[in-house]
Amino acid sequence: MANYLSITDILVTNEKVPCKFLHDLPKMGFMDPSATEDDLKAGTNVEIPIWLAESLHARRPPLVSVELPKIYKETYREILNADACTVDMHKLGQYFYELGCYIAKYDIKGEVATTLIDTFKQRFRMILSASVSTDSITALQPLSTSERDRTAGAVVTEKALSGWLKRGDCPLTTATMVANHRKRKRAEMEML
Amino acid sequence: MFGEKVIELIKEAERNRGTLDQFNDETIRQIIEEMHVLFKLNMNDANSTTENKSLWTTVQVRHSALERNKRCLLAYLYNRMNKIKTLRWEFGSVLPPDVRELLSDGEYDWFSKYSTNLATYMRSLGEDIGYHGIDLTENLRPPKSLYIEVLCVSDHGKFELEDGDVIMLKKNTRHFLPASECQTLIRKGILQQIV
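If you're wondering where the values come from, they're calculated on a predicted model, not measured in any experiment. (Residues numbered from 1 in each chain as written. Chains lettered and ligands numbered in written order. Predicted model: local features only at pLDDT ≥ 70, side-chain atom pairs only at ≥ 80, totals over all residues. Heavy atoms only, no water.)

(A) Looking closely at the interface of chain A and chain B. Contacts between the two partners involve 46 residues from chain A and, on the opposite side, 52 residues from chain B. A combined buried area of about 4500 Å² lies between chain A and chain B, and 64% of that area is made up of carbon and sulfur atoms. Its largest share of buried area at the contact with chain B, chain A owes to W51, L172 and M177 of chain A, together 17% of the area lost on that side. Of the charged contacts, one joins D149 of chain A and R17 of chain B as a salt bridge, the two residues approaching to 3.6 Å between their closest N and O atoms. Applying the counting criterion to the chain A and chain B interface returns 19 residue pairs in polar contact (both at pLDDT 80 or more). Elements represented by at least two residues in the side of chain A that touches chain B include exactly α1 (7-12), β2 (45-49), α2 (50-57) and α8 (176-191) of chain A. Here the side of chain A that touches chain B is built from residues that sort into 25 nonpolar, 12 polar and 9 charged. (Contact = heavy atoms within 4.5 Å. Buried area = accessible area lost by both parts, 1.4 Å probe. Salt bridge = Lys/Arg side-chain N within 4 Å of Asp/Glu carboxyl O. Polar contact = N/O pair within 3.5 Å; in protein donor to acceptor, adjacent residues only side chain to side chain. Helix = DSSP H or I, 4+ residues; strand = E, 2+ residues; numbered from the N terminus. Nonpolar A, V, L, I, M, F, W, Y, C, P; charged D, E, K, R; others polar.)

(B) View of the side chain of D9 of chain A. Summarising the element assignment, D9 of chain A is placed in helix α1. Within polar-contact distance, the side chain of D9 of chain A engages the side chain of Y102 of chain A at 2.8 Å.

(C) Helix α6 (residues 179-187) of chain B, seen in detail. Summarising burial for α6 of chain B: 7 of the 9 residues are buried, a large majority. Looking one or two residues past α6 of chain B, G189 of chain B carries a phi angle of roughly 80°, positive in sign. (Buried < 20%, exposed > 50% of the residue type's maximum accessible area, 1.4 Å probe, protein only.)

(D) Examining the nonpolar core more closely. Counting 56 residues, the largest nonpolar core has F21, M31, Y72 and F96 of chain A together with F2 and V61 of chain B as its most contacted members. Considering each element in turn, this core owes the most residues, 7 residues, to helix α3 (residues 56-91) of chain B. Apart from the residues lying within four places of it in its own chain, the contact partners of F21 of chain A are M31, L40, K41, A42, G43, T44, V46, I48, L56, L63 and V64 of chain A. (Core = buried A, V, L, I, M, F, W, Y, C linked by side-chain atoms within 4.5 Å.)

(E) Layout of a negative patch on the surface. Residue and element names in this part refer to chain B. Residues D135, E138, E160, E162, D163 and D165 make up a contiguous surface patch of negative charge. Its place among the elements puts D165 in the loop between β2 (157-160) and β3 (166-169). Among the residues examined, D165 registers a relative accessible area of 44% and is labelled partly exposed. (Patch = residues over 30% accessible without salt bridge, like charges linked within 9 Å, V, L, I, M, F, W, Y side chains within 5 Å. Areas by Shrake-Rupley, 256 points an atom, 1.4 Å probe, with all protein chains shown as cover. Lys, Arg positive; Asp, Glu negative; His and termini not counted. Charge placed at Lys NZ, Arg CZ, Asp CG, Glu CD.)

(F) Inspection of the environment of N24 of chain B at higher detail. All names here are of chain B. Secondary-structure assignment places N24 in the loop between α1 (4-15) and α2 (25-48). By relative accessible area, which is 18% here, N24 ends up buried. Taking the C-alpha atoms as reference points, N24 and R174, 150 residues apart in sequence, are found 42 Å from one another. Those residues in contact with N24, other than ones at most four positions away along the chain, are L9, E12 and Y76. Only 2.8 Å separates the side chain of N24 from the side chain of T27, close enough to count as a polar contact.

(G) Here's a closer look at unusual backbone geometry. P61 of chain A follows R60 of chain A through a cis peptide bond whose omega is -10°. Unusually for a residue other than glycine, N172 of chain B sits at a positive phi of about 65°. Relative to the assigned elements, N172 of chain B resides in the loop between β3 and β4 (174-178).

(H) Structural detail: the sheet that holds strand β5 (residues 191-193) of chain B. Residue and element names in this part refer to chain B. The strand order β4-β1-β5 describes an open sheet built from 3 strands, whose pairing is antiparallel. The outermost strands of the open sheet, each flanked by one partner alone, are β4 and β5. Averaged over all adjacent pairs, the angle separating strand axes in this sheet is 45°, with direction ignored. Note that strand β1 (residues 147-152) and β4 share 5 bridges and pair antiparallel. (Pairing = 2+ DSSP bridges. Axes fitted to C-alpha atoms, helices over the stretch in contact; angles between N-to-C directions.)

(I) Molecular detail of the pattern of salt bridges. Residue and element names in this part refer to chain B. Considering all chains together, one arrives at 13 salt bridges over all chains under this definition. A salt bridge links R62 to D45; the nearest nitrogen and oxygen atoms lie 3.0 Å apart. Linking R62 in helix α3 with D45 in helix α2, this pair joins segments that are 17 residues apart in sequence. Of the two residues examined, R62 and D45, each falls in the buried class.

(J) How the structure looks around the pairing of β1 of chain B. Residues and elements named next belong to chain B. Of the two faces of β1, the one holding I148, V150 and C152 is buried and the one holding Y147, E149 and L151 is not buried anywhere. As paired strands, β1 and β5 are joined by 3 bridges and run antiparallel to one another. In the strand pairing of β5, L151 is matched with Q192.

(K) Region of interest: the UniProt feature "domain: DNA replication complex GINS protein PSF1 C-terminal" (unreviewed entry) in chain B. Those places that UniProt annotates as "domain: DNA replication complex GINS protein PSF1 C-terminal" (unreviewed entry) correspond, in this numbering, to residues 144-194 of chain B. Annotated as residues 144-194 of chain B, this span is 18% helix and 43% strand, and its ends, taken at the C-alpha atoms, are 13 Å apart. (UniProt positions renumbered as here; feature names shortened; annotations may be inferred.)

(L) Up close: the sheet that holds strand β1 (residues 16-21) of chain A. Residues and elements named next belong to chain A. The strand order β2-β1-β3 describes an open sheet built from 3 strands, whose pairing is antiparallel. Strands at the two margins of the open sheet, each flanked by one partner only, are β2 and β3 (64-66). Strand-to-strand twist across the sheet, computed as the mean angle between neighbouring axes with direction ignored, equals 45°. Here β1 runs beside β2; their pairing, made up of 5 bridges, is antiparallel. Within β2, the position partnered with P18 by the bridge is E47. Strand contacts of α2: β1, β2 and β3, with the helix running at about 110° to β2, the strand carrying the most contacts.

Spelled out as structure tokens, the structure:
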């Protein structure tokens, strides 16, 4: 498994996807919030985290069939294809791209994959142009987590480059973790 | 639902990327307990599958949950380990007491061993050309000048320079010092360079 120790990947795989159970599951009734019985019957539709869905789908024979979450379905894909830059990614899905990579496997027509790439291309251009000019980052539509990280990275790099071009001297600074530790301690003191 | 406790742990790690948290003994204990329960249930059901074939599906689900919990715990520890490694480079070999108490006993052992390893390596550097080691945690940035002007931001006390002079580092005092001698203090946030 890739990224076995990655915190981000663990959070991504915690997102829920709709699944249909193909076999009876004795004693597992609690997985379906609307069920009253102890056993989970074959054919029930339940939303389960994708880590569970993936591993149950990989069994022989598969225990579940994975369906597309609604943000990757036709309707939303049309919105994204029309203009991806106006979408509120924060609301749509914090891990839109990452989860999409998992989901794309279950889309036989391969349309999810194309949408992901197109969306990324459109939005990447927007983010790139916003991060080299100084002002407009806050004016962007809310971004997904990975986009936010990328923007922050772009800003830091841009600053470092312009500093280097000006031949500025680099003053010695406090190490980041020391500074963060201090800041937090101060915040805790203020709360008391 | 399975694996919810463990996600709390992971979210906590995600929230504070730049700092180290208190080692979360209590939650980890609860997660391990959950895993023991799952394992026992699975053992019972796996033994009884000979009579009741339909139970195998349940066993599979629980097994996935066990693997998930294991993965999350390992990821939590691994990420802390990386942060502790950074501690050695930024705080030095002796941790301030308030940082020390954030580590569990096992982690502190690891820190000491890492510290010793690093020290041994740094001492061994350059032996063949007649040096007695290099401190790699120094000069992380190329020095622009030999002497720099610094402002003291917290009371540190006496500080002896290489030439034998002793100066008092009191809050809000300014000093003109050799860059090589005060950079460690700058990284620890006791001094601040005035540009």
